[in-house]
Amino acid sequence: MTDMHLVDDVRSKDIKSEPIRKGFGLGLLEAGKRDEHVTAACADLTGSTQMNLFRDAFPDRFVEIGIAEQNLVTVGSGMAAMGKIPFVSSYAAFSPGRNWEQIRTTICLNEQPVKIIGSHAGVSVGPDGATHQMLEDLAIMRTLPHMVVLAPCDSVEAEKMTLAMAKDARPNYMRLAREATPIITTADTPFEIGKAYVFRPGQDVTIIATGVMTYQALVAAEILAKDGVQAEVIHVPTIKPLDEKTILTSVGKTGAVVTAEEAQVAGGLGGAVAELLGEQLPTPMQRVGMRDQFGESGEPSQLMEHFNLTATHIALAAHQALARKK
Amino acid sequence: MRHIYAIPELELKANEIRQDIIKMLLEAGSGHSAGPLGLADIFTALYFNVMKHDPENPTWEERDLFLLSNGHCVPVQYATMAHAGYFDKKELLTLRKLGSRLQGHPERTKLPGLETTSGPLGCGLSQAAGMALALRMDKNRSRHVYVVTGDGELNEGNIWEAIMLIGKEKLSNLTAIVDRNNIQIDGPTEMVMPLEDLKAKWEAFGWHVLEVNGNDIEAVIDACAMAKAIVEKPVVILAHTIPGKGVDFMEYDFYWHGVPPNADQAKLALKELRTLKGRIKSEAHD
C-alpha cells in the first residue's frame, strides 16, 4: 500500500489547524505565477474567499464583479472562451446556489473550463445560520454533465487541488469550508483529480469521507480500533468523477460501508456511493451527513455535534453497518 | 480581397434569408417566426459588412466575436451563416431534427462558427463582457465583440448585472444590439413588463445609446461603424425592428413569436417575400 505521508498522529493535541480556503488562496497565487492565462473574478467576497492574494499580485488579471453571482459565472464562461483559465469565487450558497442554470448552460453544455470556487460550505459556517450554510452544492453540481466536483480535506490539499484545477481542461467546482480545519496531509501526500486515497488501511469496515469529514473519519477509525474494529478510511477529494475502483476494492474486502460528508446525503457523496454500490456491489451502508434538513445558527463545533457530524457519530454508524453485515 | 456589397445586394440577401427561415420553420414544424424575420436585416449587415470573419476558417484568431443572446432567434443566424458560406444551405432543412448540427437553440460544440451556447435568456451580454475583458487583458485592439439581445430578454436580472459591469469597465470593444421589436410571448413588452424609458436606463448605467431602424441595413451598418468609433463608453444600438418583417400577416403580431407557419401559411409567406424581392430588384435597377 502506498504511503500517504499523513501527519504522524491525527489525535495529537498539537495538530495544526487552518481554514481550507487559505490553501486555495495560496494555490491560486502560485497558479497565477505559473500560467499567465489564469485569471480571477469575485463577487464582493475577495478577502473571505482568499482571492486577495491573487488580486494584489495580478491586478490586471482580476475582475471585481460586485454582488452579482449570475454575472460572475457567465463572465467566466466568456473569458474561458478566449483561452483564459478563469477562477470565479463566492460563497457556495450563492455560487453555485443562485447561478446553477447559468453554470449548466454557459459552462457545462458549452464546455468551457471555468473553475468555480464555493466557499463557506457546510453547517460549520456557524453563526451566520442556515441561509449561508450551503449543503446542496455537491448534489446540484454532481448531476451536471462535464462538471468535476472537488472537496479538499485541508488547506495543504486545497493548494495542490487548485494547481491541478488550473491544468484541468474541464469545468470544475471546488467546495471550501470557512472554519479552521486540522491539517492531516503533508506536501508529500499524493493528489490527483479523479483519485480516491486509502488514508488508513483496515479490513472490517470502509469509511468513505470527503472535505472536513475526512479528519473526523480518521479520528473515528482510532475510536473503532479501541473496540477492536479495524476501519479502512478512504478520502474522496474528487466526488465526481468518482474513483469507483478504489471504493469497490475496499468494500469488496470489508463488506460494510459508512460515508461521511458535511452536506445533504441525498445526491452528495453518500448518494454517489449508494448509486455505485447499489448497481455493482450491494453492501450494508450507513450515511453520515445532513438528512433533508437545514442548518441553524450556533458555534461550528456545537453545530457539528448537533447535526451528528462528528467522529463519534461516524464510529456509531460503523457499528450499525457492521451489525447488518452477514 | 473582400467583396463590398452594395445596399440593394444586401437587401436581396436579407430577403433570401427570410425565405430560408420560412422553409426551415415549416420543415422543422416548430420554432420561432417573428424574431428571426425581424432580425434578418441586422444579421445581413453584420455577416456581410460589419464583422471581420472567415467562413472557411471559423476559428480564425483575428475574427470578431458574435453572440446571439436570445438563442431562440437562431434560425436567422443559421440561414445567414449558410448564405455566408459556413455550410451548405441544404443543411438548413435539418433544423431541430435528431442528429442535426442545427439545434433548436444554438450549441457551440455542435456547429463551428457559433461562439456560445444560448437559449436561457439574459446570459449573452455577460459572456460578451468576459470576452471583451479577455481581449483587453491581452491588449488586443483589433478584435470586436458583438452581441444581439432580445428586448423581452431585458426582463432578466442577469442582463442588468452585465450592463452594470460593462458600464463600470467601459468596455468599448463591445457593441450590444437590442432587437427592439416590442413583443414577447405573453404580449407587447410594455404590457408584460414595461422597459421604457429604455434609452435613459442604458444611459444611466454608463452606456452611449444609438437608436436606428433595425430593418434599414444601411442605417444598421452606419450605427455599427459609429459604435466602434466611440471609445469613451460602451455602445448599445437600440434597433427598432418589425417582428415578422416581410410577411404581412406576421408583422407586429405577438402570436408569431413562438410558432412556425403551417404549409398554407408558408406558401403565402414565400409568395409575399418573392414579390418583395422583385420589387427590390426593380428598384435597384431604377
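A quick note: this is a predicted structure, and the numbers were derived from the prediction, not measured.

A. Seen up close, the overall build of chain B. A tally of regular secondary structure across chain B gives nine helices and seven strands. Taken along the three principal axes of its C-alpha coordinates, chain B extends 50 × 50 × 45 Å. Sorting the 286 residues of chain B into buried and exposed places 51% on the buried side. For chain B, long-range pairs separated by at least 24 residues make up 77% of all intrachain contacts whose partners lie at least 6 apart in sequence.

B. Molecular detail of the packing of helix H1 (residues 7-28) of chain B against helix H3 (residues 74-84) of chain B. All names here are of chain B. The contact between H1 and H3 brings their axes to 9 Å, and the two run at 125 degrees. If you check the angle between H1 and H3, you find them oblique. Crossing angle aside, the handedness with which H1 passes H3 is right-handed. On the side of H1, the interface is formed by Lys 13, Glu 16, Ile 17, Asp 20, Ile 21, Met 24 and Leu 25, while H3 contributes Pro 75, Val 76, Ala 79, Thr 80 and His 83. Considered class by class, the residues forming the contact of H1 with H3 number seven nonpolar, two polar and three charged.

C. Spotlight on the domain arrangement of chain A. Residue and element names in this part refer to chain A. Under the domain assignment, chain A is made up of domain 1 (17-182) and domain 2 (197-324). Domain 1 puts 28 residues into the contact, and the matching count from domain 2 is 31 residues. Going through the elements one at a time, helix H5 (137-142), strand E6 (148-150), helix H6 (155-167) and strand E8 (180-182) are the ones with two or more residues in the side of domain 1 that touches domain 2. Among the elements that make up the side of domain 1 that touches domain 2, the one with the highest residue count is H5 (four residues).

D. The arrangement of helix H2 (residues 34-50) of chain B in detail. Residue and element names in this part refer to chain B. Taking 1.5 Å of rise per residue, the 17 residues of H2 would be expected to cover 24 Å, and the 24 Å separating its terminal C-alpha atoms lies within 8% of that figure. The largest bend along H2 measures about 45 degrees and falls at Ala 40. Counting buried residues along H2, 16 of its 17 residues qualify, which places the element largely inside the surrounding structure.

E. Highlighting the nonpolar core. Residues Ile 207, Ala 217, Ala 220, Val 258, Ile 314 and Ala 318 of chain A together with Ala 129 of chain B are the most contacted members of the largest nonpolar core, which totals 194 residues. It is H2 of chain B that provides the largest number of residues to this core, a total of eleven residues. Both domains that furnish three or more residues to this core are identified here as domain 1 (17-182) and domain 2 (197-324) of chain A. Not counting the four nearest positions on each side in its chain, Ala 220 of chain A is found in contact with Ile 207, Ala 231, Ala 311, Ile 314, Ala 315 and Ala 318 of chain A.

F. A look at the sheet that holds strand E7 (residues 235-240) of chain B. Residues and elements named next belong to chain B. What the five strands build is an open sheet, ordered E1-E2-E3-E7-E6; its pairing is parallel. Of all the strands in the sheet, the pair left with one neighbour each is strand E1 (65-68) and strand E6 (208-213). The mean angle between the axes of side-by-side strands here comes to 20 degrees, regardless of whether they run parallel or antiparallel. Pairing of E1 with strand E2 (residues 145-150) involves four bridges; the strand directions are parallel.

G. Local environment of the environment of Glu 261 of chain A. All names here are of chain A. Along the chain, Glu 261 turns up in strand E13 (residues 257-264). On a C-alpha basis, the gap between Glu 261 and Ala 151 in space is 9.9 Å, while along the polypeptide they are 110 residues apart. Setting aside anything within four residues of it in sequence, one finds Glu 261 in contact with Leu 138, Ala 209, Thr 210, Gly 211, Met 213, Gly 268, Leu 269, Gly 270 and Gly 289.

H. View of the confidence of the model for chain B. Per-residue pLDDT for chain B has a mean of 96; in total, 99% of the residues score no lower than 70. Reported confidences for the modelled complex are a pTM of 0.96 and an ipTM of 0.95.

I. Structural context of the sheet that holds strand E3 (residues 62-64) of chain A. Residue and element names in this part refer to chain A. Taken together, seven strands build an open sheet; the order of strands is E3-E2-E4-E5-E7-E6-E12 and the sheet is mixed. On the outer flanks of this sheet lie E3 and strand E12 (238-240), each paired with one strand and no other. This sheet shows a mean twist of 20 degrees between the axes of neighbouring strands, independent of strand direction. Running over the sheet, helix H3 (residues 69-81) touches strand E2 (38-42), E3, strand E4 (85-91) and strand E5 (115-119) and is turned about 170 degrees from E4.

J. Up close: the interface of chain B and chain A. Chain B puts 24 residues into the contact, and the matching count from chain A is 24 residues. Looking at the side of chain B that touches chain A, the element that brings in the most residues is helix H4 (residues 124-137) of chain B, giving ten residues. For the side of chain B that touches chain A, the residue count by class is eleven nonpolar, nine polar and four charged.

Quick notes on the rules
Residues numbered from 1 in each chain as written. Chains lettered and ligands numbered in written order. Predicted model: local features only at pLDDT ≥ 70, side-chain atom pairs only at ≥ 80, totals over all residues. Helix = DSSP H or I, 4+ residues; strand = E, 2+ residues; numbered from the N terminus. Buried ≥ 20, exposed ≤ 12 C-beta atoms within 10 Å, placed from the backbone. Contact = placed C-beta atoms within 7 Å. Axes fitted to C-alpha atoms, helices over the stretch in contact; angles between N-to-C directions. Parallel < 35°, antiparallel > 145°, perpendicular 65-115°, else oblique. Left-handed = near helix turned anticlockwise from the far one by under 90°. Nonpolar A, V, L, I, M, F, W, Y, C, P; charged D, E, K, R; others polar. Domains from an automatic or database assignment. Expected span 1.5 Å × (residues − 1). Bend = angle between axes of the 7 residues up to and from the residue. Core = buried A, V, L, I, M, F, W, Y, C linked by C-beta atoms within 7 Å. Pairing = 2+ DSSP bridges. pLDDT = per-residue confidence, 0-100.

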